[in-house]
Protein chains: 2
Amino acid sequence: MEASGALATAGGEATSRRQAMEELGRRARAVAPLLAATPTDRKNRALLAAADGLQSHAEGLLEANEGDLAAAKEAGISATLLDRLRLTPARIDGMAGGLRQVADLPDPVGTVVASDVRPNGLRIEQVRVPLGVVAIVYESRPNVTSDAAGLCLKSGNVAFLRGSSMAIRSNLAIAEVLRRSYEACDVPADALILVEDTSREAAVEFMRLSDYVDCLIPRGGPALIRSIMENATVPFILDGDGNCHVYVDRTADLDMAEAIVVNGKTQRPSVCNATESIVLHAEVAAEVLPRLVRAMPTVEMVGDETSRALAPSVGEADEADYGTEFLDYKLSVRVVDSLDAAIDHVNHYGTRHSEVIVTADEDSARRFCAEVDAACVLVNASSRFVDGEEMGYGAEIGISTQKLHVRGPMGLVHLTAVKNVIRGDGQIRP
Amino acid sequence: MEASGALATAGGEATSRRQAMEELGRRARAVAPLLAATPTDRKNRALLAAADGLQSHAEGLLEANEGDLAAAKEAGISATLLDRLRLTPARIDGMAGGLRQVADLPDPVGTVVASDVRPNGLRIEQVRVPLGVVAIVYESRPNVTSDAAGLCLKSGNVAFLRGSSMAIRSNLAIAEVLRRSYEACDVPADALILVEDTSREAAVEFMRLSDYVDCLIPRGGPALIRSIMENATVPFILDGDGNCHVYVDRTADLDMAEAIVVNGKTQRPSVCNATESIVLHAEVAAEVLPRLVRAMPTVEMVGDETSRALAPSVGEADEADYGTEFLDYKLSVRVVDSLDAAIDHVNHYGTRHSEVIVTADEDSARRFCAEVDAACVLVNASSRFVDGEEMGYGAEIGISTQKLHVRGPMGLVHLTAVKNVIRGDGQIRP
């Protein structure tokens, strides 16, 4: 009797969790048409009000964040994670600045992408419309709450957000400020819906709201990606790892190669567009590798036998090293004897994010760009340029490492879908 | 002992099935870069050779098809399904004609979609490239094997196909002809890989080849769609049901409305862009409904109380009728008293495929187009025009009812991804 009672309770809990999540989904879906029809100037006013709101409520936000930090310290999380979780007045100003910047960007909704008149007189227009309900699952950084909300609002989408339990107090406080600011500008508060239940089970239910969610974007590590691939029933855009390579070709300008590798590795090692691996043509490896070792004394390098022979400070790389996104002052090294071998290495170990060639030879550049399978291929430039702002989108909601819908940085325009509007004067099909 | 032995066998079978499927995935992935680099004229030659091959091997194909038909008859399948499964000389000519038509279409690969020069001198080009490996799961019709293979080859993609067990003999025979024709034109035979294991378990493994497949497109009914949503780990484009409505507005030209409804319902009732439901404004229902009843004597209509009062031959519709894609000579009817109620009805029961308004009022047309959430919205034209060929794509691989990547008919261009090619002269990020 007791056992079956417990089972019933567990079943009941799962059911009520699903029902609660579906209720949120219904709310999101209900508000989507209103947002789609909201004029640009009203969306902009709401974004500016939200930016002001974040700054004027900074104290309250910092207080909520203190609660998250205290709980995280108690749970013994690492200093790096604590730093990502922390809000400061400067970071709040940064969030507000982000919202103001989004208000300044052009509204993609309503743009006519293509038009055609068919021989039978039908006029076809492809018009950008909001995706509808955009679900985002993200990890500790609370600024994602306002960044994602801002991009969704500007593109006419409901932001349906599920942050981590670690940041729940901060996220709730930020969401509350945004929702009140929206309402004051005649934008429905439900333009931003934050899931309060941060359990793992709720996350799975969240990924399965196929009746209510048009697109799911994860911002987090491999475990999150894996969980989405396993559990999601809604269409998703994966923002995967960046195991980015720089290949230094036989003809490379070695000063340029050095600058590009140093910049890619050390300018901000913790981000997905940082350089994680170098592939050196054998004809230049003896010169360039020792230069790189001298230029980056704080970077640990691991490499193959040839590279270790050229630079004794290089440690031994195993198979896993070549496949790892270090996100740290660490770099893997491989020496190859042809462009073909370089392309093979990059395609084998790369994560289809961003790959660089340094070369003075146009044929090599062309072949690398054509044959390397990645969202972004770069010739003679740092991998760090793979970024929404640097590429002219103004802001990004992530970097897609899959091929459907968008590859590479995702800007406002990628939060829209294209609707086919077909106008006739009574045409029927013969 | 016996039980654990049986378990071990079952586990071993599952493992070997997974391994066999992964081996096919590896073959597909291995050939993808070769296909991506194959020049247009070689792809076209292979398509024309495949078309010739289908016609010159017609007898062998018909013989293989006889085997499928005999097995299907023995299994007692319906006459409709038998007809879909049947090959005839005319249908083989149709398949060959389809391949020749695809050879005539422009090659989307290499098209520059957008380009930009950033203030720091970086030149960014967005270039169309093949998706890579396109997996397609489809049901009984064997012509899909050559149609899908042709569109994939022209767009530089590996066609990784899994047809139904019912058509396996026909599909194998068609695939064999295509693969040999490809080889004779220096295109790798593995540009088309057909999965021979047609078990349900193999289908699930197929949907989970996330290391090898770039995009999965299902062509089949709701059970297949549900299985993909539940099991797939690869990104997919859903080709869902079309519960298409025609709304006849207060101001509609009633002759036009009649022609559009009759065409949408009866010109080819078995396809997804057929009209399944009509929504009539109360001010015109009394005139238009009896006309429609007279015009379509073979169509069974079911409707609400008002429509039944206006036309006694209309039966009673229940909730399920409004949500059903009949694919038959059957139509649901609803009378509404405003455009708002019509839009609500369409958004509630529609499947986001194709929705029609017949109206003389530009404001109503604009509101319907903006507020109805569907891949295609049509003003004063038959729903039957939602079709790749009619819309100018030349041929289609399906009709997307989701929002990511493509909405509505999918042509060659939608089998490509956009790669970001970034060229500099040594830029690093400050």
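Here goes a summary of the coordinates provided. Keep in mind that this is a model prediction, so the values were computed, not measured.

How each quantity is defined
- Residues numbered from 1 in each chain as written.
- Chains lettered and ligands numbered in written order.
- Predicted model: local features only at pLDDT ≥ 70, side-chain atom pairs only at ≥ 80, totals over all residues.
- Heavy atoms only, no water.
- Helix = DSSP H or I, 4+ residues; strand = E, 2+ residues; numbered from the N terminus.
- Rg over C-alpha atoms; globule rule 2.2 N^0.38 Å.
- Buried < 20%, exposed > 50% of the residue type's maximum accessible area, 1.4 Å probe, protein only.
- Contact = heavy atoms within 4.5 Å.
- Lys, Arg positive; Asp, Glu negative; His and termini not counted.
- Charge placed at Lys NZ, Arg CZ, Asp CG, Glu CD.
- Buried area = accessible area lost by both parts, 1.4 Å probe.
- Salt bridge = Lys/Arg side-chain N within 4 Å of Asp/Glu carboxyl O.
- Polar contact = N/O pair within 3.5 Å; in protein donor to acceptor, adjacent residues only side chain to side chain.
- Nonpolar A, V, L, I, M, F, W, Y, C, P; charged D, E, K, R; others polar.
- Pairing = 2+ DSSP bridges.

**Here we look at the overall build of chain A**
Turning to step 1, where the next piece is worked out: Per the secondary structure count, chain A includes 15 helices and 16 strands.
Turning to step 2, where the next piece is worked out: Relative to the 2.2 N^0.38 estimate, which gives 22 Å for 430 residues, the radius of gyration of chain A is 25 Å and therefore close to what a compact globule would have.
Turning to step 3, where the next piece is worked out: C-alpha atoms of chain A, sized along the principal axes, occupy 70 × 65 × 55 Å.
Turning to step 4, where the next piece is worked out: The burial tally for chain A puts 57% of its 430 residues in the buried class.
Turning to step 5, where the next piece is worked out: Sequence-distant contacts in chain A: of pairs separated by 6 or more residues, those separated by 24 or more amount to 72%.
Turning to step 6, where the next piece is worked out: Within chain A, the 62 negative side-chain charges are centred at a point lying 6 Å from the centre of the 43 positive side-chain charges.

**Things to note about the interface of chain A and chain B**
Turning to step 1, where the next piece is worked out: If you look at the interface, chain A gives 73 residues, while chain B gives 73 residues.
Turning to step 2, where the next piece is worked out: Interface area, chain A with chain B, both sides summed: about 5800 Å², of which 50% is carbon and sulfur.
Turning to step 3, where the next piece is worked out: It is Leu404(A), Lys419(A) and Arg429(A) that lose the most area in chain A upon contact with chain B, and together they represent 14% of the buried surface on that side.
Turning to step 4, where the next piece is worked out: Our enumeration of links across chain A and chain B arrives at 12 salt bridges.
Turning to step 5, where the next piece is worked out: For the interface between chain A and chain B, the tally reads 45 residue pairs in polar contact (both at pLDDT 80 or more).
Turning to step 6, where the next piece is worked out: Mapped by element, the contributors of at least two residues to the side of chain A that touches chain B are strand 2 (123-130), helix 9 (222-231), helix 10 (254-266), helix 15 (362-371), strand 13 (376-381) and strand 16 (416-427) of chain A.
Turning to step 7, where the next piece is worked out: In terms of residue count, the dominant contributor to the side of chain A that touches chain B is strand 16 of chain A (11 residues).
Turning to step 8, where the next piece is worked out: Among the residues forming the side of chain A that touches chain B, the class breakdown is 35 nonpolar, 18 polar and 20 charged.
Turning to step 9, where the next piece is worked out: As paired elements, strand 16 of chain A and strand 13 (residues 376-381) of chain B share 5 bridges and run parallel to each other. The partner of Gln427(A) across the bridge, within strand 13 of chain B, is Ala381(B).

Purely geometric numbers; function is a separate question.
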